[in-house]
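# What the coordinates show
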Amino acid sequence: MENMPNDEVSINLGWAILACGILGVGGQWLSSKLDHPALGIFSRWARWFLFTFGFSFTAVEFGWTMATGPLWNLLAISFLLWFLLESIYMWLAIRKFSMDDLPVFPKHVSLGGTREWPAQPYFIRVREWLRETGYEQIEATRAFLGEEDYLHTFHFENSEKTIRTQITFTQNGFNPPRAIFTFSSVTNSGKRQVTDNAFLPRAGVLPIHWRLKRMPLVRSLARLEEIHRSTMRDSGETFVAWEESPLEDANEQQRILEKTNVEKGILFAKNIRDKKGMFTQEGCYRMWLELWCLKYFGTTKN
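Summary of the structure given here. (Residues numbered from 1 in each chain as written. Predicted model: local features only at pLDDT ≥ 70, side-chain atom pairs only at ≥ 80, totals over all residues. Heavy atoms only, no water.)

Now for the overall build of the chain. Along the backbone of the chain there are eight helices and eight strands. In terms of principal-axis extent, the alpha carbons of the chain reach across some 75 × 45 × 40 Å. Within the chain, contacts between residues separated by at least 24 positions form 58% of all contacts whose residues are at least 6 apart in sequence. With the model as given, the accessible surface of the chain reaches about 16800 Å², and the carbon-plus-sulfur share is 59%. The distance from the centre of the 34 positive side-chain charges to the centre of the 33 negative ones in the chain is 3 Å. (Helix = DSSP H or I, 4+ residues; strand = E, 2+ residues; numbered from the N terminus. Contact = heavy atoms within 4.5 Å. Areas by Shrake-Rupley, 256 points an atom, 1.4 Å probe, with all protein chains shown as cover. Lys, Arg positive; Asp, Glu negative; His and termini not counted. Charge placed at Lys NZ, Arg CZ, Asp CG, Glu CD.)

The subject of this paragraph is the packing of helix H2 (residues 37–61) against helix H8 (residues 281–297). In the contact formed by H2 and H8, the axes pass within 7 Å of each other and the chain directions differ by 95°. Of the possible angle classes, the one that applies to H2 and H8 is roughly perpendicular. Together, Ile41, Arg44, Trp45, Arg47 and Trp48 of H2 and Trp292, Leu294, Lys295, Tyr296 and Phe297 of H8 make up the contact between the two elements. Looking at the contact of H2 with H8, its residues break down into seven nonpolar, no polar and three charged. (Axes fitted to C-alpha atoms, helices over the stretch in contact; angles between N-to-C directions. Parallel < 35°, antiparallel > 145°, perpendicular 65-115°, else oblique. Nonpolar A, V, L, I, M, F, W, Y, C, P; charged D, E, K, R; others polar.)

A separate point is a nonpolar patch on the surface. On the surface, Ile11, Trp15, Leu18 and Ile22 cluster together into a nonpolar patch covering about 470 Å² of accessible area. Positionally, Trp15 belongs in helix H1 (residues 6–34). (Patch = residues over 30% accessible without salt bridge, like charges linked within 9 Å, V, L, I, M, F, W, Y side chains within 5 Å. Salt bridge = Lys/Arg side-chain N within 4 Å of Asp/Glu carboxyl O.)

Here we come to the pairing of strand E3 (residues 150–157). For E3, the buried fraction is high: seven of the eight residues fall into the buried class. Here strand E2 (residues 136–144) pairs with E3 via eight bridges, running antiparallel. Within E3, the residue paired with Ala140 across the bridge is Phe154. Relative to strand E4 (residues 164–170), E3 runs antiparallel, the two being bridged by seven bridges. (Buried < 20%, exposed > 50% of the residue type's maximum accessible area, 1.4 Å probe, protein only. Pairing = 2+ DSSP bridges.)

What follows is the structure, encoded as C-alpha cells:
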C-alpha cells in the first residue's frame, strides 16, 4: 500500500468498518420502526460501504496482490464488487419472481365495506385528514396476490368528484401494514393523471393516456395531494368528474396495463408464461434498473 504503512491502513479501515456497521444497523432498525424508505436507503448505502471497507481490510490483512497498489484502487475494486454481487442477487430474485405464479396486475373484488381500517395512530390520523378535507369513502376492494397475500384498498373521492384517493394496505408480517397513497384524476379528453408514493419499480410501459408521477419518498398524504393538484394545474387540462365505479375502473386499467406491456415486449403472453415466465429480457432489465434506482436513490421513472 503506497504512502501508508499497512498497520495504519488496517486501523483506519477498522474504524470505517465500525462506523458503517453502526450506521447500517441503526438505519435498518429505525427504518423498520418508522417505516420511512429514506432510512432504508441510508442503511443500504452504509451496508455497501461496510462491504467496501471490510473487503479492503481483508485484502490488506492477508496480503492479497490487489492490496499492493494505492488504497483508492483497492477501495474502488471493493466498491464495484458489491455492485456486481448485488446485481447478480437482484437478477436472480427478478427471475424467480418472473417464474412464480403471481399476477402482475391482480384483479380487484369488492369488500362491500366490511374491511376495518387499521387501528394504528398514524392511520387514524390519515383517516381524519381525509374526512376533514372533504374526501368520502366510496368503496373498499381487495386484490389477491397469492393464497395468503392480498392488498386491501380503500377508495375515497373529493366533493367535486375530480380526485380519487386510494389507500392501499400491504401485509408486513407481524408488523403494522404498510400504506401506499394514490391520487387519480381524468381529463375531458380521457387522459389519466396519477400521483402516488409507491416504493415499487415501474418497470413496465404505461398506456399512452396515462401520466404517472411517482414520489416514493413523500410519506405525507397532504403533501402528495398538494403535488397532485399542482400537476393538474400545470397540465393545462380540464379535469372532469369520475363516472365509473372504483372497482370497474381498477380492473379495466389493470387489463389495459397488461395488454400494453405484452404488446410492448415487457411481458410474455399468458399462454407461454408457464415456460418462459412473466418478464421478457427487456422486462427483467427494466426491473433491475428501477430496483437499483429505488433501493439506492429513492427515485423511479415518471
